[in-house]
Amino acid sequence: MGLAMPLPIVETTPSVVHMEMYKTSNQELDYLAYDLTRYLNRLGHASFFFPRDGFGSMKALRENNMAAFSHVMAAKYAGLGTIGASHCLLTPEFGPRVRFVSVFTATGIPSDPVIAKELCIKCEACAKCCPQKAIRMREDRVVGDYDSMACLKMAEELTARRCYPCGICTKVCPIGEDRSHYQQKGVMKKYLREAEALAANPEDPEYKAWTHIRKYGVFREEKSAPDKNRKVSP
Ligand code: SF4
Ligand code: SF4
């Protein structure tokens, strides 16, 4: 099951406000999964849950950048969405702006059908806006190549600045009914121009709502360039 990350806060990333919402949604998911597991067990259905994040620190991820279990794959096979170029699960309701947790149960709940039609439209926004160039589009398939170590480098920097996670790829994805819920129109151009516009003028008024939030409660940014020599593995 998943919980939505409201778009206006996702748009402030990287920010302490985004980090707090991310932590809250993760915590809430664990509480929901824990309560559901206890409820199912009380009814006699053997159940347990897998917590939403399975790593102890960035150092642990650098040693082994893998998870024991993929909530993204679980959510895909539970019929909640399809995997996009960014490796995120895209849902019809919220695009990739969803956090997931998984409950395993022996109870006989009828499954939802897997969504057959890919939701990713290969618009390339996630690949273009990724500050680490960690996503590379593929001609032959929807799911892109993903440089997890480049993404981890970003996560380490943002953790040090107290504004983890990055999530720019989830911010810019056009998929999701949440865009019409928040009455967003023409925002894609704004996303695609953002890095260049703010490099030219950090006080660009078009981005003031986001840059204002980013200024507070975090350590200052240290510029890091993507490593041009790194390899992207499929
Ligand atoms: S989280 Fe950030 S660094 Fe990682 S792939 Fe997405 S946009 Fe790139
Ligand atoms: S931003 Fe575009 S290419 Fe990336 S996952 Fe979303 S729809 Fe697919």
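Above this text is the structure in question.
I will try to describe carefully the structure that is included in this document. Fair warning: this is a prediction, and the values are worked out from it, not measured in the lab.

Quick look at the overall build of the chain
Looking only at helices and strands, one finds ten helices and eight strands in the chain. Since a compact globule built from 234 residues should have a radius of gyration of about 17 Å, the 18 Å found for the chain is in line with a globular shape. With the C-alpha coordinates of the chain rotated into their principal frame, the extents come out at 60 × 40 × 35 Å. Within the chain, buried positions represent 40% of all 234 residues.

Focus on the environment of His 18
The topology assignment puts His 18 in helix H2 (residues 16-42). Separated by 102 residues in the primary sequence, His 18 and Cys 120 have C-alpha atoms spaced 24 Å apart. Setting aside chain neighbours within four positions, we find His 18 in contact with Met 5, Ile 9, Val 10, Thr 12, Thr 13, Pro 165 and Cys 166.

Some thoughts on the site of ligand 2
Surveying the vicinity of ligand 2 reveals 14 residues, the closest of which are Cys 120, Cys 123, Glu 124, Cys 126 and Cys 173. Split into classes, the residues belonging to the shell around ligand 2 amount to eleven nonpolar, one polar and two charged.

A word on the pattern of salt bridges
Taken as a whole and judged by the stated rule, the model has 14 salt bridges. When the shortest N-O distance is used, the salt bridge between Lys 153 and Glu 157 registers 3.5 Å. Of this pair, Lys 153 and Glu 157 both sit in helix H6 (residues 148-160), separated by four residues, roughly a single helical turn. A salt bridge links Glu 194 to Arg 214, with the shortest nitrogen-to-oxygen separation between them at 2.9 Å. Here Glu 194 is found in helix H9 (residues 187-200), whereas its partner Arg 214 is found in helix H10 (residues 208-214), with 20 residues between them in sequence. Note on Arg 214: relative accessible area 15%, which makes it buried. One salt-bridge network, in which partners are shared between bridges, spans Arg 138, Asp 140, Arg 141 and Asp 145.

Topic: the site of ligand 1
Around ligand 1, a shell composed of Cys 130, Pro 131, Ile 135, Tyr 146, Cys 151, Met 154, Cys 166, Gly 167, Ile 168 and Cys 169 is seen. Listed by contribution, the elements that provide at least two residues to the shell around ligand 1 are H6 and helix H7 (168-172).

Remarks on the side chain of Arg 214
Among the polar contacts listed, one links the side chain of Arg 214 to the backbone oxygen of Glu 11, at a separation of 3.3 Å. Other than its neighbours up to four places away in sequence, Arg 214 contacts Glu 11, Thr 12, Thr 13, Pro 14, Ser 15, Lys 171, Glu 194 and Leu 198.

Remarks on the packing of aromatic side chains
In this description, a pair of aromatic rings is defined by centroid distance and the angle of the planes. With the rule as written, the count across this model stands at seven aromatic pairs. Summarising the aromatic geometry, the rings of Phe 48 and Phe 104 are spaced 4.8 Å apart at their centres and angled 5° between planes, so their arrangement reads as stacked. Here the residue Phe 48 occupies a position in strand S2 (residues 47-50), and Phe 104 occupies one in strand S6 (residues 102-105), the gap between them amounting to 56 residues. Within the aromatic cluster, the residues linked to one another by ring pairs are Phe 48, Phe 50, Phe 69 and Phe 104.

A closer look at a nonpolar patch on the surface
Taken together, Met 1, Leu 32, Leu 36, Tyr 39 and Leu 43 make up a surface patch of nonpolar side chains, about 430 Å² in accessible area. Topologically, Leu 32 is positioned in helix H2.

With respect to H6
Taking 1.5 Å as the rise per residue, H6 with 13 residues should run 18 Å; its terminal C-alpha atoms sit 18 Å apart, in good agreement. All of the buried residues in H6 are Ala 150, Leu 152, Met 154, Ala 155 and Leu 158. Check the buried side of H6 and you find it contacts helix H3 (58-63). Between the side-chain oxygen of the N-cap and the backbone nitrogen of Met 149 there are 3.2 Å, and the N-cap of H6 in question is Asp 147. Trailing H6 by a residue or two, Arg 162 shows a phi angle of about 70°, which is positive.

Scoring rules and cut-offs
Residues numbered from 1 in each chain as written. Chains lettered and ligands numbered in written order. Predicted model: local features only at pLDDT ≥ 70, side-chain atom pairs only at ≥ 80, totals over all residues. Heavy atoms only, no water. Helix = DSSP H or I, 4+ residues; strand = E, 2+ residues; numbered from the N terminus. Rg over C-alpha atoms; globule rule 2.2 N^0.38 Å. Buried < 20%, exposed > 50% of the residue type's maximum accessible area, 1.4 Å probe, protein only. Contact = heavy atoms within 4.5 Å. Near = heavy atom within 4 Å. Nonpolar A, V, L, I, M, F, W, Y, C, P; charged D, E, K, R; others polar. Salt bridge = Lys/Arg side-chain N within 4 Å of Asp/Glu carboxyl O. Polar contact = N/O pair within 3.5 Å; in protein donor to acceptor, adjacent residues only side chain to side chain. Phe/Tyr/Trp six-rings, centres within 6.5 Å; stacked < 30°, edge-to-face > 60°. Patch = residues over 30% accessible without salt bridge, like charges linked within 9 Å, V, L, I, M, F, W, Y side chains within 5 Å. Areas by Shrake-Rupley, 256 points an atom, 1.4 Å probe, with all protein chains shown as cover. Expected span 1.5 Å × (residues − 1).

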